[in-house]
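Here are the chains, one letter per residue:
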Amino acid sequence: MTFRQQVSRRRSGSGSRRRPIGVVAATVAGALAGTALVLAPTSANAAPAVDVLLAEVYGGGGNNGATLTNDFVELANKASAAVAVDGWSVQYLPAAPKPTSQWQVTALTGTVAPGGRFLVGEGKGAGGTVALPTPDVSGSINLSGTAGTVALVRGTTALTCLTAADCVADARVVDVLGYGDAVVREGAPAGASANATALARAASLADTDDNAADFVVGAPTPLNARGEGPTGPGPGEPEPTNARIHDIQGTTRVSPKNGARVASVPGVVTGIRSFGNSRGFWFQDTQADDDPRTSEGVFVLTGGVTPQVAVGDAVKVSAKVDEFYPGGVNVGGQSLTQLVGATWVIDASGQALPAPVVVDAAKVPDVYTANGPAGSPSIEALPLEPTKYALDLYESLEGQLTRVADARVVGASTSFGEMWVTVEPTQNATAQGGTLYAGYDAQNGGRVKVSSLVPFAQEPFPQANVGDTLTGVTTGPLTYDNFGGYTLAATTLGKVAKGSLKPESTRDQKKTELAVATYNVENLSPKDAQAKFDRLAKGIVVNLATPDVVALEEIQDNSGPTNDGVVAADQTLDKLVAAIKAAGGPTYQWRSIEPVDGKDGGQPGGNIRNAFLFDATRVEFVDRPGGGPTAAVGVRKDWLGRTQLTQSPGRISPADPAWDSSRKPLAAEFRFRGKSVFVIANHFASKGGDQALDSRFQPPSRSSEVQRVAQAKVLRTFVDQLLASDPRANLVVLGDLNDFAFSPTLGTLTQGGALRTLVDTLPANERWGYVFNGNSQMLDQILTSSRITRFEYDIVHVNAAFADQASDHDPQILRVRPSTGSDFLDYVEQLFEEWVDRG
């Protein structure tokens, strides 16, 4: 594993929780051209560096077993302004200095760009086969391959200190790395290196003044200020061969030159990523071949260094071809063909860019993908068919300039600077302007993620809701990541035209209607800002019209994500109840059962659980003792033969393996206008671990489904027990089931008609309450027993389609008139209730 780690984010929970990419405001070129140079002030000690510091040290160059021919010291600038290092030096001292030992000095000149690297080449050995990229400064110090001390010094006079204390006291010392058994070091020494390994700081460039904590041993990865890596073949590797980009990309998903070195690959720079840890540039051949399967563009990775190129530069690149799997090979996503360890020459600047490929409804095939071979579903080896399959079209354009125009937004803007648009506006359109995911074979190939190559500090990403339009043209290279698939990395971004979408409000329940809602409040804890509680409270009071019962999912404990053994959530629920009252709602009461610490999954430390809010002026909660984190609720009859729960609230089969690391269903008994109503709140296992729709494995594996089907079977057993005791029971099963109405999970619950899913009562284009990667879909569900026939069901769209969200889920509500158990009495009661409701 190398030190340059590509940015990755993990999929978790019912959707996706993501880690942001760091943003650097200026490119290297911009910094060198116009950013003021900062001369770091003199300090009294080697306090943690605030700008330039040691980033990597390698002393095995040219030694036996080494690949690189030279030692090197690499500097990095963690600040947002360029720093001049004229008059500075890199100095070296043996690990165990004698009284006569002297520091060796390499004087520095030049500037370290913001977020940039600076390579100091040092002594050359007799071995090795790969030269360093062109150093920014060259010296001749022979560093030890196993142990020693390197110092970054403000000045060129050799240090005289021979102990850690004396060196720290020298005001000229900016940073120190002692490795192996070095006497002079910061804190404890870093590990010993070897001829094939270097010491490198993490990508975050953290400086704690403890070498052991700040540096790790790994393969050397030198980068110069231009972002270039080492050149030349490694041991046993053939000499580089000249190639063009379409030769590198090939006619399948994996490059035919994967792992090989290529030389003098020509093209024009079309885009630059100047932020994060996956910086680099795209370039494209202006002399395309006549094969539609081969892309003419490719990405050059420079890691944490902004490459010193400009859009329009004509370049020739020499590098190694690499297939990178965003998120890791085991995630199952597509690979991204890229060039690593690159060097380049600029032949000309200001060149015209190739015309972008316009991606529109006419261009995208109706069929999403081919299936892989039986028993081995990978589609990597299949020849691309870009006129037949949507995924193949996008793969054939990987790295190439693409364009969309006047595209409708189907996935709202996120804090990571991305949105999803569709180039097929009539494809499974929802009533609100999204794209409906209506089946495993309805993947919606018109969806494209749009991000921006402009750092947010320079130009904030536009805020768009589902149903808005990204007007004009949006152009940039097409890339791929594991958080949305194929992505247009925009160099030119269209303008957002607002649509008509507004947060919805449902009607008030009538006097004779029981209103029951479900709401996933997304990891709610007292550590959340009051604004989140207020938003959720407004949603319950205004948008949901104060339901009589609210089943809540993802209620965290009182300490939130802090993993401290706390499991109580009274502060979380009391704070929400107070916010609801302040918003003009009733003073809800609540019921819940504390889980066993760390046993119910979700965000570590959060101990999420299900809970009920209820308005005691409208509905009675039937409290029945005995419920607990490990106690199982049952069904029994009272002395009058009426069915009741043995506990209320109570957890369903909490010891069953189906609920391992997952929330246990919470069952409760209510009475409304003299009738018993049983409500079961659920939060099934997440979809974490499933392969994405755009996976290289087709059809993709839905491994998490196994647990949800098992959970559905356990829940269904309880439902059957209750209905066997009272076939006419008023039963509501609801919550975040983390699965679709067409899934085996829901099929297990509805088999035989014991329960029915209410989403099927809505028009097809309104069956959604969650948006993931531009697909509007259903994860939350409300199901009822067959005896409930007089009801209204509504999904209240207040979150999922909006960039500004209180939660990533939309709440749902059921207004129901519970059954008496007799068709005749239900009819008579209906007439009476209509009279009551008329006042």
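The structure this text deals with has already been given above.
Criteria and thresholds
Residues numbered from 1 in each chain as written. Predicted model: local features only at pLDDT ≥ 70, side-chain atom pairs only at ≥ 80, totals over all residues. Heavy atoms only, no water. Helix = DSSP H or I, 4+ residues; strand = E, 2+ residues; numbered from the N terminus. Rg over C-alpha atoms; globule rule 2.2 N^0.38 Å. Contact = heavy atoms within 4.5 Å. Lys, Arg positive; Asp, Glu negative; His and termini not counted. Charge placed at Lys NZ, Arg CZ, Asp CG, Glu CD. Core = buried A, V, L, I, M, F, W, Y, C linked by side-chain atoms within 4.5 Å. Buried < 20%, exposed > 50% of the residue type's maximum accessible area, 1.4 Å probe, protein only. Axes fitted to C-alpha atoms, helices over the stretch in contact; angles between N-to-C directions. Parallel < 35°, antiparallel > 145°, perpendicular 65-115°, else oblique. Left-handed = near helix turned anticlockwise from the far one by under 90°. Nonpolar A, V, L, I, M, F, W, Y, C, P; charged D, E, K, R; others polar. Salt bridge = Lys/Arg side-chain N within 4 Å of Asp/Glu carboxyl O. Pairing = 2+ DSSP bridges. Phe/Tyr/Trp six-rings, centres within 6.5 Å; stacked < 30°, edge-to-face > 60°. Lys NZ or Arg CZ within 6 Å of the ring centre and 35° of its normal. Disulfide = S-S within 2.5 Å. Expected span 1.5 Å × (residues − 1). Arc of directions from axis to C-beta. 1 Å grid on protein atoms, 1.4 Å probe; cavity = no way out; pocket = protein on both sides within 12 Å on 5 of 7 lines; lining within 4 Å. Points joined across faces, edges and corners; volume = space filled by probe spheres on them.

> What is the right way to look at the overall build of the chain in this model?
Tallying secondary structure elements over the chain gives 10 helices and 44 strands in all. Here the C-alpha radius of gyration of the chain, 31 Å, is about what a compact globule of 839 residues would show, namely 28 Å. Viewed in the frame of its principal axes, the chain has a C-alpha envelope of about 100 × 65 × 50 Å. Long-range pairs, those at least 24 residues apart, make up 71% of the contacts in the chain with a sequence separation of at least 6. Averaging the locations of the 71 positively and 87 negatively charged side chains of the chain gives two centres separated by 5 Å.

> Explain the environment of Gln721 to me, please; I cannot follow it from the model alone.
Tracing the chain through its elements places Gln721 in helix H8 (residues 705-725). For the pair Gln721 and Gly634, spaced 87 residues apart in sequence, the C-alpha separation works out to 8.5 Å.

> Please explain the nonpolar core as it appears in this structure.
Generally speaking, nonpolar side chains in soluble globular proteins are found buried as a group. Counting 28 residues, the largest nonpolar core has Phe612, Phe670, Val679 and Tyr793 as its most contacted members. Elements with a minimum of two residues in this core: strand E28 (514-524), strand E29 (549-555), strand E31 (609-614), strand E36 (666-672), strand E37 (675-683), strand E38 (730-736), strand E43 (791-795) and strand E44 (812-816). Of all the elements, E36 adds the most residues to this core, at 4 residues. Those residues within four positions of Tyr793 in sequence are excluded, and the remaining contacts are Leu758, Val759, Thr761, Leu762, Met778, Ile782, Gln812 and Ile813.

> Help me understand the packing of helix H6 (residues 530-543) against helix H7 (residues 570-582), please; the structure alone is not making it clear to me.
The axes of two packed helices give the description: the angle between them and the distance between them. At a minimum axis distance of 8 Å, the contact between H6 and H7 shows a crossing angle of 60°. Overall, the two elements H6 and H7 adopt an arrangement that is oblique. Considering only the axes of H6 and H7, their crossing is right-handed. Between H6, through Gln530, Phe533, Asp534, Leu536, Ala537, Ile540 and Val541, and H7, the contact on the second element is made entirely by Thr572, Lys575, Leu576, Ala579 and Ile580. Of the residues assigned to the contact of H6 with H7, the class counts are 8 nonpolar, 2 polar and 2 charged.

> What should I look at first to understand the pattern of salt bridges in this one?
Side chains that differ in charge, positive against negative, can pair when their charged atoms come close. Across all of its chains, the model carries 30 salt bridges by this definition. Put simply, Glu513 and Arg507 hold a salt bridge, and the shortest N to O gap is 2.8 Å. On the accessibility criterion, Glu513 (4% relative accessible area) is buried. Of the residues examined, Arg507 reaches a relative accessible area of 28% and is grouped as partly exposed. Taking the shortest distance from any N to any O, the salt bridge between Arg642 and Asp638 comes out at 2.8 Å. Since its relative accessible area comes to 46%, Arg642 is described here as partly exposed. Judged by relative accessible area, which is 16%, Asp638 ranks as buried.

> Help me understand the pairing of strand E18 (residues 297-303), please; the structure alone is not making it clear to me.
Counting buried positions along E18 gives 7 out of 7 residues, so the element sits mostly inside the fold. Burial along E18 is two-sided: the residues Gly297, Phe299, Leu301 and Gly303 and Val298, Val300 and Thr302 are all buried. Pairing of E18 with strand E20 (residues 336-348) involves 2 bridges; the strand directions are parallel. Its bridge partner being in E20, Phe299 is matched across the sheet by Gln338.

> For this particular structure, what's the right way to read the sheet that holds strand E6 (residues 89-94)?
The strands that make up a sheet pair up through hydrogen bonds in the backbone, lying either parallel or antiparallel. On the basis of which strands lie adjacent, the open sheet formed by 4 strands has the order E7-E6-E11-E12 and antiparallel pairing. This sheet does not close on itself; its edge strands, each paired only once, are strand E7 (104-107) and strand E12 (173-179). On average, adjacent strands in this sheet sit at an angle of 15° to one another, irrespective of strand direction. Pairing of E6 with E7, which is carried by 4 bridges, proceeds in the antiparallel orientation. Looking across to E7, one finds that Ser89 is bridged to Ala107.

> What is the right way to look at the packing of aromatic side chains in this model?
Centre distance and the angle of the planes are the two values used to describe a pair of aromatic rings. Summed over all chains, the structure comprises 16 aromatic pairs. Taking the centre distance of 5.2 Å and the plane angle of 75° together, the rings of Phe281 and Trp344 count as edge-to-face. Taken together, the residues span a long stretch of sequence, with Phe281 in strand E17 (residues 279-284) and Trp344 in strand E20 at a distance of 63 residues. Here Phe281 matches Trp344 in class, with each residue buried. Ring pairs connect the aromatic residues Tyr437, Tyr440, Phe740 and Phe742, which therefore count as one cluster. Looking at Arg591, its charged tip hangs above the ring of Phe621, at a distance of 5.1 Å from the centre.

> What is the right way to read the state of the cysteines from this model?
Among covalent bonds in proteins, the disulfide is the one between the sulfur atoms of two cysteines. In the structure shown here, the tally under the stated rule is 1 disulfide. Sulfur-sulfur distance for the disulfide between Cys161 and Cys167 comes to 2.1 Å. Residues Cys161 and Cys167 share a disulfide whose torsion about the S-S bond is about 100°; that sign makes it right-handed. The residues Cys161 and Cys167 share a single accessibility class, namely buried.

> So what exactly am I meant to see when it comes to H7 here?
Spacing of three or four residues puts side chains on the same side of an α-helix, whose turn is 3.6 residues. Given a rise of 1.5 Å per residue, 13 residues ought to cover 18 Å, and the 18 Å separating the end C-alpha atoms of H7 matches this to within 8%. For H7, the full list of buried residues reads Thr572, Leu573, Leu576, Val577, Ala579 and Ile580. In a view along the axis of H7, the buried residues occupy a sector of 160°, so they form one face of it. Exposed residues pointing more than 90 degrees away from the buried face of H7 are listed as Lys581 and Ala582. Packed against the buried residues of H7 are E28, H6, E29, strand E30 (589-592) and E31. Following H7 by one or two positions, Gly584 adopts a phi angle in the positive range, close to 100°.

> What exactly am I supposed to notice about the pairing of strand E26 (residues 485-490) here?
Remark: a regular strand shows side chains that alternate across the two faces of the sheet. Where burial is concerned, most of E26 is hidden: 6 out of the 6 residues are buried. Across 4 bridges, strand E24 (residues 447-452) lies against E26 in parallel orientation. Counterpart to Ser451 in the pairing with E26 is Ala489. Across 4 bridges, the pairing between strand E25 (residues 469-481) and E26 is antiparallel. For Asp481, the partnering residue across the bridge sits in E26 and is Gly485. Hairpin connection, E25 to E26: the antiparallel pair is bridged by 3 residues, and Gly484 has positive phi, about 140°.

> Looking at this model, I keep getting lost on empty space enclosed by the protein. Mind explaining?
Empty pockets left among the atoms are what a rolling probe the size of a water molecule brings to light. Tallying each qualifying case throughout the model produces 4 cavities of 30 Å³ or more. In this structure, the largest cavity encloses a volume near 110 Å³. Tyr368, Arg447, Gly484, Tyr486 and Asp694 are, among the 14 residues lining the largest cavity, the residues nearest its centre. Elements that contribute at least two residues to the lining of the largest cavity include exactly helix H5 (390-396), E24 and E26. Of all the elements, E24 adds the most residues to the lining of the largest cavity, at 3 residues. Residues that form the lining of the largest cavity fall into these classes: 6 nonpolar, 5 polar and 3 charged.

> Teacher, can you tell me more about the sheet that holds E29 here?
What the 6 strands build is an open sheet, ordered E30-E31-E29-E28-E44-E43; its pairing is mixed. For this open sheet the edge positions go to E30 and E43, each flanked by a neighbour on one side alone. Strand-to-strand twist of the sheet, defined as the mean angle between neighbouring strand axes without regard to direction, takes the value 20°. Both E43 and E44 contribute to a ladder of 5 bridges, which runs antiparallel. If you follow Tyr793 over to E44, its bridge partner there is Leu814.

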